[in-house]
Amino acid sequence: MSRVAVSKKMLDWALERSGLTLSDLEDKFPRLRQWVDGQVKPTLRQLESLSKSTMTPFGFFFLKEPPEERFPIPYFRTLGDEASYKHSAELIETIQMMQRRQDWYREFLIDQGIEKLELVRSVKTNESPEIVGQKIREALYLDIGWASQQSSWTDALRNLREAMENAGILVVINGIVGNNTHRKLDTEEFRGFVVVDDFAPLVFVNGSDGKAAQMFTLAHELAHVFFGSSAAFDLREMSPASDPMEQVCNNIAAEFLVPEQMIRKIWPSIRNDPERFQLLAREFKVSELVTARRALDLELIAKKDFLKFYYDYLNDERRKAARRKNGGDFYINQNLRVGYRFASAVARAAKEGKILYSEAYRLTGLYGKTFDRYVTSLGIGGT
């Protein structure tokens with residue numbers, strides 16, 4: 001039985017990076033303390049198992065010194081503690097996974113002779129939110145009253161996501177790392193991120209967040225794409241970080257979803273109505289959460305009133321979610337977790353022999369018959 005020498009520094013780093021302690025893992029690895037102290041060496045199989053448990057790339061354990069992991073894109077927190085914040089392995093791996101998909105899709109588009117997307121970097125920060133909002137609607141082929149034409153705000157959310165994909169933006173909504181239900185993404189850490197590319201801009205929404213907040217996150221991400229600015233953000237209480245670009249993107253998201261001129265026209269007649277935010281939500285086809293945030297931004301309500309409504313709403317949404325049946329259709333969920341546009345491209349490339357199926361499996365995180373069944377659900381046909 002071959003054993004592997006692993007430095008104490010690497011084992012300590014792997015534990016710290018994963019957020020786990022020796023006590024957390026001792027039941028599964030009874031001799032872990034002895035590995036760390038250098039008294040005993042782990043076997044290759046034990047090291048592979050530790051790699052999975054700590055979410056550490058296996059090859060890292062053979063290094064003498066821990067690697068310097070730089071966060072892939074700018075990161076902004078509403079609380080402004082970016083410099084001291086320690087990023088989770090889940091967030092880092094999710095961004096890296098999305099970057100691998102984006103790299104492949106970019107090359108796929110170039111091979112297809114597709115040109116750069118004109119919408120990326122098509123607006124300037126000195127343009128007014130009203131003008132930028134109109135440019136976004138035009139690029140997505142949305143009328144100024146597009147949301148009001150939907151039967152509900154959930155339909156409007158789906159409509160916006162589909163319009164973004166049709167415009168060439170990769171959209172992923174997922175609350176876990178890949179399909180690993182044991183590795184959830186924390187909304188306290190981030191609500192979304194954007195990785196800008198001239199051919200394949202990608203937006204990721206943390207699916208652990210309530211659906212009511214996802215519309216605002218998508219709109220905020222849209223602004224980032226049009227400015228050509230990559231970023232990850234937490235949007236705590238739907239408020240941006242102090243960074244100027246975050247502030248601008250938030251203003252544009254708000255104007256895109258709930259135009260100032262329209263809400264100011266309606267507000268006097270509903271300001272004292274207990275259901276004022278619900279009335280606005282029905283008018284603009286966004287969640288009450290978004291209308292409450294917009295009212296705060298325009299100084300129509302006090303911050304304490306917004307925060308009370310915000311947390312009451314989220315608690316109620318969590319209770320409703322707990323009562324609903326968990327899971328849903330696995331293959332329908334993949335259209336969100338993988339993204340319909342990306343998955344379709346990978347499936348066609350595999351079917352036409354342009355990539356190996358092993359590569360298609362790696363890119364989508366779906367393997368064997370599971371991949372085949374998903375491809376069939378896309379209407380493309382499997383192996």
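Treat the numbers as computed from the prediction; the structure is a model and nothing was measured. (Residues numbered from 1 in each chain as written. Predicted model: local features only at pLDDT ≥ 70, side-chain atom pairs only at ≥ 80, totals over all residues. Heavy atoms only, no water.)

### Side note on the overall build of the protein chain
Here is step 1: From N to C terminus, the protein chain includes 16 helices and seven strands.
Here is step 2: In summary, the protein chain has a C-alpha radius of gyration of 23 Å against a globular reference of 21 Å for 383 residues, a match within 12%.
Here is step 3: Structurally, the protein chain occupies a C-alpha span of about 80 × 50 × 45 Å along its principal axes.
Here is step 4: A burial count over the protein chain gives 51% of its 383 residues as buried.
Here is step 5: The contacts of the protein chain with a sequence gap of at least 6 include a subset with a gap of at least 24, amounting to 68%.
Here is step 6: Total accessible area on the protein chain stands at roughly 19,100 Å², and carbon and sulfur atoms take up 49% of it. (Helix = DSSP H or I, 4+ residues; strand = E, 2+ residues; numbered from the N terminus. Rg over C-alpha atoms; globule rule 2.2 N^0.38 Å. Buried < 20%, exposed > 50% of the residue type's maximum accessible area, 1.4 Å probe, protein only. Contact = heavy atoms within 4.5 Å. Areas by Shrake-Rupley, 256 points an atom, 1.4 Å probe, with all protein chains shown as cover.)

### Observations concerning helix 11 (residues 276–284)
Here is step 1: All buried positions along helix 11 are accounted for by R276, F277, L280, A281 and F284. Looking straight down helix 11, one finds that the buried residues subtend no more than 135° of arc, so they occupy a single side.
Here is step 2: Taken from the residues just after helix 11, K285 is the one with a positive phi, measuring 55°. (Arc of directions from axis to C-beta.)

### Details of the side chain of H220
Here is step 1: Among the secondary structure elements, H220 is positioned in helix 8 (residues 211–227).
Here is step 2: Side chain to side chain, H220 and E246 meet in a polar contact 3.1 Å long.
Here is step 3: One polar contact links H220 to N250, side chain to side chain, over a distance of 3.0 Å.
Here is step 4: The contact partners of H220, leaving out residues within four places of it in the chain, are F233, L235, E246, C249, N250 and A253. (Polar contact = N/O pair within 3.5 Å; in protein donor to acceptor, adjacent residues only side chain to side chain.)

### Quick notes on the pairing of strand 6 (residues 202–206)
Here is step 1: Within strand 6, five of the five residues are buried, which leaves the element mostly enclosed by the surrounding structure.
Here is step 2: Here strand 6 shows two buried faces, one formed by L202, F204 and N206 and the other by V203 and V205.
Here is step 3: Judged from the four bridges that link them, strand 5 (residues 192–195) and strand 6 form a sheet pairing that is antiparallel. Across the sheet, the residue bridging to V195 is L202, located in strand 6. (Pairing = 2+ DSSP bridges.)

### Thoughts on the nonpolar core
Here is step 1: Counting 66 residues, the largest nonpolar core has L140, L160, M164, L222, F256, L257 and L289 as the members making the most contacts within it.
Here is step 2: Broken down by element, this core gets its largest block of residues, eleven residues, from helix 8.
Here is step 3: In this view, L257 contacts M215, F216, A219, F284, V286 and V290; residues no more than four positions away in its chain are not counted.
Here is step 4: Core analysis: the next-biggest nonpolar cluster, separate from the first, contains 42 residues, L91, L109, F199 and V338 among them. (Core = buried A, V, L, I, M, F, W, Y, C linked by side-chain atoms within 4.5 Å.)

### Some remarks on helix 16 (residues 368–377)
Helical geometry note: an α-helix holds 3.6 residues per turn, so side chains three or four residues apart project in the same direction.
Here is step 1: Where helix 16 is concerned, the buried positions are F371, D372, Y374 and V375. Viewed end-on, helix 16 has its buried residues packed into an arc of 165°, placing them on one side of the element.
Here is step 2: Buried residues along helix 16 sit in contact with helix 14 (330–351) and helix 15 (357–364).
Here is step 3: Downstream of helix 16 by a residue or two, G379 has a phi angle that is positive, lying close to 85°.

### Some details on the environment of S49
Here is step 1: Assignment of secondary structure puts S49 in helix 4 (residues 44–53).
Here is step 2: A relative accessible area of 22% places S49 in the partly exposed class.
Here is step 3: Between the C-alpha atom of S49 and that of F199, which follows or precedes it by 150 residues, the distance is 38 Å.
Here is step 4: In contact with S49, not counting residues within four places along its chain, are K28 and F29.

### Digging into the sheet that holds strand 2 (residues 170–174)
Here is step 1: Here we have five strands laid out as an open sheet, ordered 1-7-5-6-2, and mixed in their pairing. In this open sheet, the two edge strands, each paired with only one partner strand, are strand 1 (75–76) and strand 2.
Here is step 2: Sheet topology note: the strand 5/strand 7 (residues 231–233) ladder contains three bridges and is antiparallel. The partner of G192 across the bridge, within strand 7, is F233.

### Topic: unusual backbone geometry
Here is step 1: In this structure, R121 is a non-glycine residue whose phi angle is positive, near 60°.
Here is step 2: On the accessibility criterion, R121 (41% relative accessible area) is partly exposed.
Here is step 3: The backbone of E237 shows a phi angle near 55°, a positive value even though the residue is not glycine.
Here is step 4: Assignment of secondary structure puts E237 in the loop between strand 7 and helix 9 (244–257).

### A few points about the pattern of salt bridges
Here is step 1: Applying the stated criterion across every chain yields a total of 22 salt bridges.
Here is step 2: When the shortest N-O distance is used, the salt bridge between E188 and R236 registers 2.9 Å. With E188 in the loop between strand 4 (180–184) and strand 5 and R236 in the loop between strand 7 and helix 9, this pair connects stretches of sequence that are 48 residues apart.
Here is step 3: One connected set of salt bridges, linked through shared partners, spans E90, E93 and R183. (Salt bridge = Lys/Arg side-chain N within 4 Å of Asp/Glu carboxyl O.)

### Re the packing of aromatic side chains
Here is step 1: For the structure on display, the rule yields 21 aromatic pairs.
Here is step 2: Here the aromatic rings of F193 and F204 are separated by 4.8 Å at their centres, their planes lie at 0°, and the arrangement is stacked. Of this pair, F193 sits in strand 5 while F204 sits in strand 6, and the two are eleven residues apart along the sequence.
Here is step 3: An aromatic cluster of at least three residues, connected via ring pairs, comprises W104, Y105, F108 and F342. (Phe/Tyr/Trp six-rings, centres within 6.5 Å; stacked < 30°, edge-to-face > 60°.)

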